Structures are given as C-alpha cells and as structure tokens.
Amino acid sequence: AGCLQECISYVKQNPYDTLGFYYLAMCYSKVNDKENAILAYEKVIQLNENPMIVKYATNGRNCVMGSDDAKCYPNVNEPELLRPYEDIANSVGD
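Conventions used here
- Residues numbered from 1 in each chain as written.
- Predicted model: local features only at pLDDT ≥ 70, side-chain atom pairs only at ≥ 80, totals over all residues.
- Heavy atoms only, no water.
- Helix = DSSP H or I, 4+ residues; strand = E, 2+ residues; numbered from the N terminus.
- Buried < 20%, exposed > 50% of the residue type's maximum accessible area, 1.4 Å probe, protein only.
- Contact = heavy atoms within 4.5 Å.
- Areas by Shrake-Rupley, 256 points an atom, 1.4 Å probe, with all protein chains shown as cover.
- Expected span 1.5 Å × (residues − 1).
- Patch = residues over 30% accessible without salt bridge, like charges linked within 9 Å, V, L, I, M, F, W, Y side chains within 5 Å.
- Salt bridge = Lys/Arg side-chain N within 4 Å of Asp/Glu carboxyl O.
- Axes fitted to C-alpha atoms, helices over the stretch in contact; angles between N-to-C directions.
- Parallel < 35°, antiparallel > 145°, perpendicular 65-115°, else oblique.
- Left-handed = near helix turned anticlockwise from the far one by under 90°.
- Nonpolar A, V, L, I, M, F, W, Y, C, P; charged D, E, K, R; others polar.

**Student:** Sorry if this is basic, but what is going on with the overall build of the chain here?
**Tutor:** Broken down by element type, the chain carries six helices and zero strands. Sequence-ordered secondary structure for the chain, helices as α and strands as β, is α-α-α-α-α-α. In the chain, which comprises 94 residues, the proportion classed as buried is 31%. Long-range contacts, defined as pairs at least 24 residues apart, comprise 29% of the intrachain contacts of the chain with a sequence gap of at least 6. Counting every atom, the chain has about 6600 Å² of accessible surface; 52% of that belongs to carbon and sulfur.

Put into structure tokens, the structure is as follows:
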C-alpha cells in the first residue's frame, strides 16, 4: 500500500500527468480497488496525451471491469491487435 500512497500523493501534485494516473490505476488494481482503478484508467484516457498509454489504459480498464462487452486482451501488443480493424478495412473494397 506504500506504493499506492506515493501514487496518490504524486497525482495530487501532478494532476495532468498521464503516466502518474496510469501507475495509480495499476496500484488500485493490485489492491483490488476496482472502482478507483477504473476512475484512474478513465483519467488517463481523458488526458489523452500519449496514444500508446491510452491503449494500455483502455485495455486495463476493460480488464478491471470484466464486462462481456469490453475487450480485455492479455497482450495488447500482439501483431493482430496492432491493427484491430484491418480486416474490416480490407473488406470495404470487396
């Protein structure tokens, strides 16, 4: 919980730090505080500074939510996930 407290202090002092909120979300996830983890992941998405971090935050949020509607990928960097809509784009011309 020490890491969690450090992250909370950090984001209070740096309210626009995307990575700070990302690590805060991971800390909340680690202590099974799903509600606050989702809020922190959504803050990362809202700040939207870095598309790669937003991708990870979206996946993290979806995994924490555990919803059937939300996609949760064990590895968001697998090649077929780098362009998840490629098959749709390729079929447009058909």
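**Student:** Is there a simple way to think about the environment of Asp17 in this case?
**Tutor:** Position of Asp17 relative to the elements: it lies in the loop between helix H1 (2-13) and helix H2 (18-30). Remark: the alpha-carbon pair of Asp17 and Val44, spanning 27 residues in sequence, is separated by 8.3 Å. For Asp17, the contacting residues outside a window of four places in its chain are Tyr10 and Leu47.

**Student:** When you look at helix H3 (residues 34-47) in this model, what are you seeing that I'm missing?
**Tutor:** In an α-helix there are 3.6 residues to a turn, and that puts residues three or four apart on one side. Taking 1.5 Å per residue as the helical rise, H3 with its 14 residues ought to reach 20 Å, and the 20 Å between its terminal C-alpha atoms agrees with that figure. Considered for burial, the residues of H3 that qualify are Ala37, Ile38, Ala40, Tyr41, Val44 and Leu47. Where the residues of H3 are buried, they touch H2 and helix H4 (51-65). Taken from the residues just after H3, Asn48 is the one with a positive phi, measuring 45 degrees.

**Student:** Would you explain a nonpolar patch on the surface in this entry?
**Tutor:** A cluster of nonpolar side chains, namely Leu19, Tyr23 and Met26, defines an oily patch on the protein surface of about 270 Å² accessible area. By secondary structure assignment, the location of Tyr23 is in helix H2. With relative accessibility at 43%, the residue Tyr23 sits in the partly exposed group.

**Student:** Can you help me understand unusual backbone geometry in this one?
**Tutor:** For residues other than glycine, phi is negative in most cases, and the peptide bonds are mostly trans. Positive phi, close to 60 degrees, is recorded for Asn32, a residue that is not glycine. Mapped onto the elements of the fold, Asn32 is located in the loop between H2 and H3. A residue is classified by how much of its surface remains accessible, and Asn32, at 64% relative accessible area, is exposed.

**Student:** Any chance you could explain the packing of H1 against H2 here in plain terms?
**Tutor:** Two quantities define a packed helix pair, namely the angle between the axes and the distance from one axis to the other. One way to put it is that H1 packs onto H2 with a least axis distance of 9 Å and a crossing angle of 150 degrees. In terms of their interaxial angle, H1 and H2 are classed as roughly antiparallel. Considering only the axes of H1 and H2, their crossing is left-handed. Taken together, the residues of H2 that come into contact with H1 (itself represented by Cys3, Leu4, Cys7, Ile8, Tyr10 and Val11) are Gly20, Phe21, Tyr23, Leu24, Cys27 and Tyr28. Across the contact of H1 with H2, the residue classes break down as 11 nonpolar, one polar and no charged.

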